[in-house]
Number of protein chains: 2
Amino acid sequence: MAESLRRRLPLLLLLLLAAGGLRAAERSGGSSSSAMEELATEKEAEESHRQDSVSLLTFILLLTLTILTIWLFKHRRVRFLHETGLAMIYGLIVGVILRYGTPSTSGHDKPFSCSQEDRPFTTLLVNVSGKFFEYTLKGEISPGKIHNVEQNDMLRKVTFDPEVFFNILLPPIIFHAGYSLKKRHFFRNLGSILAYAFLGTAVSCFIIGNLMYGVVKLMKLVGQLSDKFYYTDCLLFGAIISATDPVTVLAIFNELHADVDLYALLFGESVLNDAVAIVLSSSIVAYQPTGENTHAFDAAAFFKSVGVFLGIFSGSFMMGAVTGVVTALVTKFTKLHCFPLLETALFFLMSWSTFLLAEACGFTGVVAVLFCGITQAHYTYNNLSVESRSRTKQLFEVLHFLAENFIFSYMGLALFTFQKHIFSPVFIIGAFVAIFLGRAAHIYPLSFLLNLGRRHKISWSFQHMMMFSGLRGAMAFALAIRDTATYSHQMMFSTTLLIVFFTVWIVGGGTTPMLSWLNIRVGVDPDQDPPPTNDSFQVLQGDGQDSARRNRTKQESAWLFRLWYSFDHNYLKPILTHSGPPLTTTLPSWCGLIAHCLTSPQVYDNQEQLREEDSDFILNDGDLTVTYGDTTITANGSSGPHTATTNLDSRRTKSSSEEALERDLGAADHEVTSRGTRLVFPLEYNA
Amino acid sequence: MAESLRRRLPLLLLLLLAAGGLRAAERSGGSSSSAMEELATEKEAEESHRQDSVSLLTFILLLTLTILTIWLFKHRRVRFLHETGLAMIYGLIVGVILRYGTPSTSGHDKPFSCSQEDRPFTTLLVNVSGKFFEYTLKGEISPGKIHNVEQNDMLRKVTFDPEVFFNILLPPIIFHAGYSLKKRHFFRNLGSILAYAFLGTAVSCFIIGNLMYGVVKLMKLVGQLSDKFYYTDCLLFGAIISATDPVTVLAIFNELHADVDLYALLFGESVLNDAVAIVLSSSIVAYQPTGENTHAFDAAAFFKSVGVFLGIFSGSFMMGAVTGVVTALVTKFTKLHCFPLLETALFFLMSWSTFLLAEACGFTGVVAVLFCGITQAHYTYNNLSVESRSRTKQLFEVLHFLAENFIFSYMGLALFTFQKHIFSPVFIIGAFVAIFLGRAAHIYPLSFLLNLGRRHKISWSFQHMMMFSGLRGAMAFALAIRDTATYSHQMMFSTTLLIVFFTVWIVGGGTTPMLSWLNIRVGVDPDQDPPPTNDSFQVLQGDGQDSARRNRTKQESAWLFRLWYSFDHNYLKPILTHSGPPLTTTLPSWCGLIAHCLTSPQVYDNQEQLREEDSDFILNDGDLTVTYGDTTITANGSSGPHTATTNLDSRRTKSSSEEALERDLGAADHEVTSRGTRLVFPLEYNA
């Protein structure tokens, strides 16, 4: 049928155009001079430009309102609604106003149909009364929606190209996540985080996908489904909705200074999980069975998808790491730090180029940007001047803040202004159940398995909190809006939007009660171990000793991390930054010349001190366990007395290892923390 | 003829389309499945996205290279080439590579002609084999250039929409110019700056326009002109090229710490001059004589243009001032300064909204942004937290730096990648002569007139330096590229490009020699008066006394400024910021309640001190001349001994007025300067 339509199409179009042409002839017949026409065109372009300005202004107004209300909330310490939830509410209100308050346009901007060859061009030249105008392809529109497109100009203006989210708004958010990663706690829980992010997301995606396929079958039975909905669509939905984004939870954690390990687990999972979900959704899109029956499982296509997943993920990872390393080398070997402006600009450009480079090579820019952020924080940050450190942090903080709030207000707006919503109650209820089950099937079994390996168990209350914090945000939205061409995708988009609303409002608001209900410790600075003024004295007085003994060997299991850490500390850091032991001491003697060239002069100044620290870190002397001032876990809610278990090394080891790690975390906290630590742990471990 | 063509057009197009339709039918006849087609479309979109990434990457690479070379130059103190000149050179190189190194595209992306009604729509729906694609209007293409459009895909990709310059790149540059204005020296020379900017630009525009009209007439005689070139085009060229942009000169001034008054004159002129040139060019475009003969002078149209100029200028000014004032009020009356991130985000959004608001109202966004920047610096800056102050400064500094270097590398690139160049040697030579004469006719007579009124004359060497520094930059380029649809505009664009290249390279490189040749004092911190360590001692020993006496009453002529200053200090500052005298003292007693509400509590703390300063500033006691530590002029080149003439008030007046003004300039320098000043001027003026 499609074939016959296509055969008949040129004729149809010809007729259509003839009519259009005649109309044009009619108009030009009784018309004005060419100058007047030009003026009219100019006026139209001006009008369009004005509308663009107004739509952007709408968003700015929204953000400004959000900022002012956030301030009010922070000022009055309101915690039941997070800024992102607020942004959504304002977005909703403006969406309603735009939807029902603005008149539909006069129609002179009405789109016009004309024929073309069998594929759309990216550029179109249109001959209008002898003048040529250039048009660029914006995207496909499903045939049923043409009238909607015509309907309301203002609504169309506030509807952005979905790629804006991927190419402009997500990168700063994700980069900031990588750049502001609390590396210490992240690396301490690296194994668990990786398990949650990779295995967990895959499990969640698969479970949600299958459950939703059941729901779709049910809908077909009941007659609620009016178009195709394939199994791959369900899996794609699983991938989209598996990207957790506990931004609101983490903001509250940050504010309340909740437990650092839980913070690290949640933050690390959600950051990596976004990357996994993106790549997963691309691989599912790439899954295209070769046969006619798209429902059947095709092993070849499946393995191709897995290959695509691994390829894209590792490729993006490499891209990010490589540009990070290049930036580190450039900042190390030039004296750019004398000119903070140049340094900041370079840092910004290199980080941005990661994104473009990955996109140009066919990898995923957002994932590359994440790993670039982590690499920049780990290496380049150390080479920057003090001014550039704060500049880059602040720059990306502002960009992140604006982008995030923009996305959330856009979400609120989209509920009313997006013109292709398909809300199916069955599908929505099914989706809520599925994400609940998917999250449960991901957290509890994985935590059980991880606890088998972990010396320092993930407690039940932590597991419940993680289960609870699985809210969906910007990434799920961006993934869902990316492709809304078909019926199934539109339904998925509408459902995703509702899920994001629900989880951000309910879960965001419920975090504080949940924390106290689960007796999770608050009042800990996530940047460091328990506040020295309070907890540590309790430790000294309290019953910390035996639990300390139990926790002592916790880090021994993280052999992968230790291996990486020693490689990083001995080779990568000295090559890429001004810190670490001189390469001349760590590299074999035959590469003396290279080692000498690569080592920066600053390193030699601190050589003595560094060698001492070094011996603690590379763990050559097997029996010395380094735990980085390891203090953790279980204390009751906000008001109760804080107890903490502490692992106490010898004082010298302690303080020097502290110092090395504090340097990782940034110079600002360094002094205070290490001084604090020295003050706090006067006990000798072997005593 | 055009009319008959338009009548025949639909038929022609019909034929054209029939052929296209047939071809489409042929193709689809012997073709593959719809899935394959979809895949092909997707691949094309992907390919296009990849090319976008590559083209952006090209620019990032360019900027990175520029940054590294700038560092090298700064490191080695090379001054013959400024960073912008460098960016242009790199742009040129990459332009050559792109132009001659990339293959022209395969043609499957070839644009396609189809008919439409008599005006182009902003949106076009295209039916391709039953699927609908949305296209957006990009711009008009002159008929002769269609083949060029087809030619090279990569070249088209790196060619940005000219509106990008106006809507994305210029605003941060201009805002930064306003925000970083050295207010003290700017206001001191306000009258002269306004004269240069308004009168000067108008004179320059008119002279260049007329000279160019002569050149065009000559070209027509010689037969060098192949299309129309109206008088209004010449005037437009005059307006475009009158926007001076001595960024390179000022950078060198900054580096060498050249004379502060000269700096203020040049900077102020160029900043305001950009605004004037934009509005002037819009008004010239708006000049449309109603009759058939577009060459004749039409008084009505002329006055309409003047009205447009005044309307746009004052409207944009108001917009900028209003959003600045709103931001100041918001930051004053909320405690937003407890959350620097929110504050910075708000500041950024409000500043950006100025631009959009002005554009939405039909004013000029760039001009509004300039005045917004000045207002923000004058009022809002005082309300910001210390962290936000540095954040906002740094944020806009980075944006400005990136945008500026981007524009300059784009200029280099455009020389080769822009596909509509028309280089006419006669026109180019004429233009160079015209801008030289235009600049001369603007600087020297105006300076002469100004010197009649100024107590503190603009010396010949200053005039020569201003003449020399009239180089053209980003604004001229952006104005010229805005409209390149017609033959005359294309020729103007190519010529502007060459003028920018020439002036940036030659004038930028010649600044240092010129400064020493003209014996202009260097080694002065533009933020403050002569460095206390060196100059002032020379003053104390030297022959400064009598020249001080001559310069003493210099500021008395600036009655407009004094009026404004006292109004600003007594009413605006107390309302909009936390500084100034309490409104309860300055407002009449019957508005006591309002005054009390508007005055922030902080003000009362410093009330005593402020009232003292106040009396110095409002100059009620006529005979007390405030000159803000006025020290100036004429010292020889970089190596010679510095001499300066100083105006010495009584010590108390001196230091307190110093303090008030220093507060205007930002808190950072405050301490040092006022301490320095006290140390330096131990003499009593009346002694």
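The residue numbering used here restarts from 1 in each chain and proceeds along that chain's sequence as written. Written order decides the labels, with chains lettered from A and ligands numbered from 1. pLDDT decides what is reported in this predicted model: residues at 70 or higher carry local features, side-chain atom pairs at 80 or more are listed and counted, and totals for whole chains, interfaces and linings draw on all residues regardless. Hydrogens and water are ignored here; the side-chain numbers use all heavy atoms of the structure.

**Q** Outline the packing of aromatic side chains, supporting the account with residue identities and numerical values.
**A** Centres within 6.5 Å make a pair out of two Phe, Tyr or Trp rings, where for Trp the six-membered ring is used; the pair is then stacked when the planes are under 30 degrees apart, edge-to-face when over 60, and tilted otherwise. Taken as a whole, this structure holds 62 aromatic pairs over all chains when the rule is applied. With a centroid separation of 4.7 Å and 75° between ring planes, the pair formed by Phe317 of chain A and Phe371 of chain A is classed as edge-to-face. Taken as a pair, Phe317 of chain A in helix 12 (residues 299–333) and Phe371 of chain A in helix 14 (residues 365–383) lie far apart in primary sequence, 54 residues in all. Note on Phe317 of chain A: relative accessible area 36%, which makes it partly exposed. For the pair Phe406 of chain B and Tyr410 of chain B, a centre-to-centre distance of 6.5 Å together with 15° between the ring planes defines the contact as stacked. Residue Phe406 of chain B and its partner Tyr410 of chain B are both found in helix 15 (residues 386–417); the two are separated by four residues, about one turn of the helix. The class for Tyr410 of chain B is buried, based on a relative accessible area of 2%. A run of DSSP states H or I qualifies as a helix once it reaches four residues; a run of E qualifies as a strand once it reaches two. Both are numbered from the N-terminal end. Here the term buried applies to any residue with accessible area under 20% of the maximum for its type, exposed to any over 50%, and partly exposed to those in between, with areas from a 1.4 Å probe on protein chains only.

**Q** I'd love a proper account of the nonpolar core, names of residues and values included.
**A** Residues belong to one nonpolar core when they are buried, are Ala, Val, Leu, Ile, Met, Phe, Trp, Tyr or Cys, and are joined through side-chain atoms within 4.5 Å. Counting residues in hydrophobic clusters, the biggest one holds 301 residues, and the most contacted among them are Phe477 of chain A together with Phe427 and Phe477 of chain B. Setting aside its immediate chain neighbours within four residues, Phe477 of chain A contacts Phe165, Ile407, Tyr410, Met411, Ala414, Phe493, Thr496 and Leu497 of chain A. It only takes one pair of heavy atoms within 4.5 Å for two residues to be counted as in contact.

**Q** Quick one: what's the story with the side chain of Thr380 of chain B, residue by residue and with numbers?
**A** All names here are of chain B. Inspection of the secondary structure assignment puts Thr380 in helix 14 (residues 365–383). Pairs of N or O atoms within 3.5 Å make up the polar contacts considered here, provided that, within protein, one atom can donate a hydrogen while the other can accept it, and that residues adjacent in sequence are counted only when both atoms are side-chain atoms. A distance of 3.4 Å separates a polar atom in the side chain of Thr380 from the backbone nitrogen of Ala328. Residues in contact with Thr380, not counting those within four places in the same chain, are Gly324, Thr327, Ala328, Thr331, Phe347 and Thr375.

**Q** So what's going on with the pattern of salt bridges? Which residues, and what values?
**A** One speaks of a salt bridge when a side-chain nitrogen belonging to Lys or Arg is within 4 Å of a carboxyl oxygen belonging to Asp or Glu. Scanning all chains against the criterion turns up six salt bridges over all chains. The residue Glu387 of chain A makes a salt bridge to Arg391 of chain A at a minimum N-O spacing of 3.2 Å. You can see Glu387 of chain A and its partner Arg391 of chain A sitting in helix 15 (residues 386–417), four residues apart, about one turn around the helix. Judged by its relative accessible area of 35%, Glu387 of chain A is partly exposed. Residue Arg391 of chain A is classed as buried on the basis of its relative accessible area, which comes to 7%. Across the pair Glu397 of chain B and Arg391 of chain A runs a salt bridge, and its minimum N-O distance is 3.0 Å. Of the two residues, Glu397 of chain B is situated in helix 15 and Arg391 of chain A in helix 15; the pairing between them involves two chains. Judged by relative accessible area, Glu397 of chain B falls into the partly exposed class, the value being 23%. Connected via shared salt-bridge partners are Glu387 and Arg391 of chain A together with Glu397 of chain B.

**Q** I'd like a rundown of a nonpolar patch on the surface, residues and numbers included.
**A** To count toward a patch, a residue needs a relative accessible area above 30% and no salt bridge. Like charges then connect within 9 Å, nonpolar side chains (Val, Leu, Ile, Met, Phe, Trp, Tyr) within 5 Å. Exposure was quantified through the Shrake-Rupley algorithm and a 1.4 Å probe, taking into account, for residues, occlusion by the shown protein chains and nothing else. On the surface, a cluster of nonpolar side chains totalling about 460 Å² of accessible area is made up of Leu211, Ile429, Val433, Phe436 and Leu437 of chain A. Ranked by the residues each element gives to the nonpolar patch, the list is headed by helix 16 (residues 425–453) of chain A, at four residues.

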